[in-house]
Amino acid sequence: MYKSNGNILNSENQKISPDQVRELLKDNEKLLADYKAGRSKKTVGNVLFIGGSVLILTDMITNLTSKQKLTYSDDISHSIIKVENRIYPSVFTYIGIAAIIVAIPVKIGFSKKIKNVVADYNNQNTTGYKQFNEPKLDLITNSNGIGLRFILN
């Protein structure tokens, strides 16, 4: 069962680690590839979201702690001191906002991808995906004779 934030629970509601999930999916390459893609999306989304937040906060703190910038200019006749105000928000804030905006659909996409992997894995087990991988052949004998029984499920 899929839980929020990429957590997957087993039938006893215990969290399964990503390594254990990879081990369960090792026989199905498509589901394993989708799971790995989902985990990669999660990592990229987290980096974008946290990085964008750090850029915005850093720019804000920098602006609050150094409100004015002093510029000294030496001229032959006299020294001039200019006071320049910093521009806020700076380009770092805009980059941070853009990173957060990009992170939102990436994080939604990873969640959907992992949900689909869990649903497909659960469906393959209930509908008998593995049944045709293990056919069974029995030798049957009774008072009427001998026969073979071939079972696909």
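Residues numbered from 1 in each chain as written. Predicted model: local features only at pLDDT ≥ 70, side-chain atom pairs only at ≥ 80, totals over all residues. Heavy atoms only, no water.

**Description of the pattern of salt bridges**
Phase 1: Scanning all chains against the criterion turns up four salt bridges.
Phase 2: Salt-bridge contacts for Arg22 lead to Asp19; the nearest nitrogen and oxygen are separated by 3.3 Å. With Arg22 and Asp19 both in helix H1 (residues 18-24), this residue pair falls three residues apart, about one helical turn.
Phase 3: Here Asp19 falls in the exposed class, since its relative accessible area comes to 58%.
Phase 4: With a shortest N-O distance of 2.8 Å, Lys26 and Glu23 are connected by a salt bridge.
Phase 5: Of the residues examined, Lys26 reaches a relative accessible area of 49% and is grouped as partly exposed.
Phase 6: Since its relative accessible area comes to 47%, Glu23 is described here as partly exposed. (Salt bridge = Lys/Arg side-chain N within 4 Å of Asp/Glu carboxyl O. Helix = DSSP H or I, 4+ residues; strand = E, 2+ residues; numbered from the N terminus. Buried < 20%, exposed > 50% of the residue type's maximum accessible area, 1.4 Å probe, protein only.)

**Structural notes on the confidence of the model for the chain**
Phase 1: Looking at the chain, pLDDT values average 80 and 76% of them are 70 or higher.
Phase 2: No element of the chain has a lower mean pLDDT than strand E4 (residues 79-85), which averages 55, and none a higher one than helix H2 (residues 29-65), which averages 90. (pLDDT = per-residue confidence, 0-100.)

**Thoughts on the environment of Lys107**
Phase 1: Mapped onto the secondary structure, Lys107 falls in helix H3 (residues 91-126).
Phase 2: Accessibility expressed as a relative area gives 24% for Lys107, which makes it partly exposed.
Phase 3: Distance in space between the C-alpha atoms of Lys107 and Val44 is 8.3 Å, their sequence separation being 63 residues.
Phase 4: For Lys107, the residues in contact, after removing those within four places along its chain, are Gly45 and Asn46. (Contact = heavy atoms within 4.5 Å.)

**Observations regarding the pairing of strand E5 (residues 136-142)**
Phase 1: Two strands pair when backbone bridges link them, and E5 and strand E6 (residues 145-151) are joined in this way by seven bridges, in the antiparallel orientation. Of the residues in E6, the one forming a bridge with Leu139 is Leu148. (Pairing = 2+ DSSP bridges.)

**Considering H2**
Phase 1: Taking 1.5 Å as the rise per residue, H2 with 37 residues should run 54 Å; its terminal C-alpha atoms sit 53 Å apart, in good agreement.
Phase 2: The complete set of buried residues in H2 reads Leu31, Leu32, Tyr35, Gly38, Lys42, Gly45, Gly52, Ile56, Asp59 and Asn63.
Phase 3: For H2, the N-terminal cap is Asn28; the gap from its side-chain oxygen to the backbone nitrogen of Lys30 is 3.3 Å. (Expected span 1.5 Å × (residues − 1). Polar contact = N/O pair within 3.5 Å; in protein donor to acceptor, adjacent residues only side chain to side chain.)

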